[in-house]
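Per-entry structural report
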Amino acid sequence: MLFPKHTYHLIFAHDDSKTYNIEIDVDELLDMESDVSRKQWLQTKLVGAKASRDTVEKFIDELLQRVKTL
């Protein structure tokens, strides 16, 4: 699956059952020098996610794997 316009939108449920978008610029992610810095950057972007920590970590790991194929 390719990312549309190199931007990935992630939707998490919010406390009031509404959703909000988190925009992740894949080009910016690819410009980073290491997986460690990419993972830290993503963790910072997703700090407000209402999904479980395990779900967020799984998402980050899968996204980093997919980004490597671009």
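Sequence order sets the numbering: in each chain, residues are counted from 1 along the sequence as written. Thresholds applied to this predicted model are a pLDDT of at least 70 for local features of residues and 80 or more for the giving and counting of side-chain atom pairs; totals over whole chains, interfaces and linings are not thresholded and use all residues. Heavy atoms from the whole structure form the basis of all side-chain values; hydrogens and water molecules are not counted.

**Regarding the overall build of the chain**
Strands here mean DSSP runs of E at least two residues long; helices mean DSSP runs of H or I at least four residues long; both are numbered from the N terminus. If you tally the helices and strands in the chain, you get 3 helices and 2 strands. The linear arrangement of helices and strands in the chain, starting from the amino end, is β-β-α-α-α. When the 70 residues of the chain are sorted by exposure, 30% land in the buried category. Residue contacts are counted whenever heavy atoms from the two residues lie within 4.5 Å of one another. Taking the intrachain contacts of the chain between residues at least 6 apart in sequence as the baseline, contacts between residues at least 24 apart amount to 41%. For accessible areas, the Shrake-Rupley method is used with a probe of radius 1.4 Å. Any residue's cover is judged against the shown protein chains and nothing else. Summed over all atoms, the accessible surface of the chain reaches about 5,000 Å², with 49% contributed by carbon and sulfur. When a residue's accessible area, from a 1.4 Å probe over protein chains only, is under 20% of the maximum for its type it is buried; when over 50% it is exposed; and in between it is partly exposed.

**A word on the side chain of glutamate 57**
Relative to the assigned elements, glutamate 57 resides in helix H3 (residues 53–67). Any pair of nitrogen or oxygen atoms within 3.5 Å is treated as a polar contact; in protein, a donor-acceptor pairing is required on top of that, and neighbouring residues in sequence qualify only through side-chain atoms on both sides. Polar side-chain contacts of glutamate 57 include one of 3.0 Å to the side chain of glutamine 43.

**Digging into the environment of leucine 46**
Secondary-structure assignment places leucine 46 in the loop between helix H2 (35–45) and H3. Relative accessible area serves as the criterion here: at 3%, leucine 46 is assigned to the buried category. Leucine 46 sits 23 residues away from glutamate 23 along the chain, and the two C-alpha atoms are 9.8 Å apart.

**Topic: the nonpolar core**
In summary, soluble globular proteins display a tendency toward joint burial of nonpolar side chains. In this structure, Ile24, Leu29, Leu42, Ile60 and Leu63 are the most contacted members of the largest nonpolar core, which totals 15 residues. Listed by contribution, the elements that provide at least two residues to this core are strand E2 (19–25), helix H1 (26–31), H2 and H3. No other element matches the 6 residues that H3 contributes to this core. Excluding anything up to four places from it in sequence, leucine 29 contacts Arg38, Trp41, Leu42, Leu63, Leu64 and Val67. In these notes, a set of buried Ala, Val, Leu, Ile, Met, Phe, Trp, Tyr and Cys residues joined through side-chain atoms within 4.5 Å is what counts as a nonpolar core.

**Structural notes on H2**
Of all the positions in H2, only Arg38, Trp41 and Leu42 are classed as buried. Viewed along the axis of H2, the buried residues span an arc of 95°, placing them on a single side of the element. Of the residues in H2, the exposed ones pointing more than 90 degrees away from the buried face are Val36 and Thr44. This arc corresponds to the set of directions leading from the helix axis out to the C-beta atoms.

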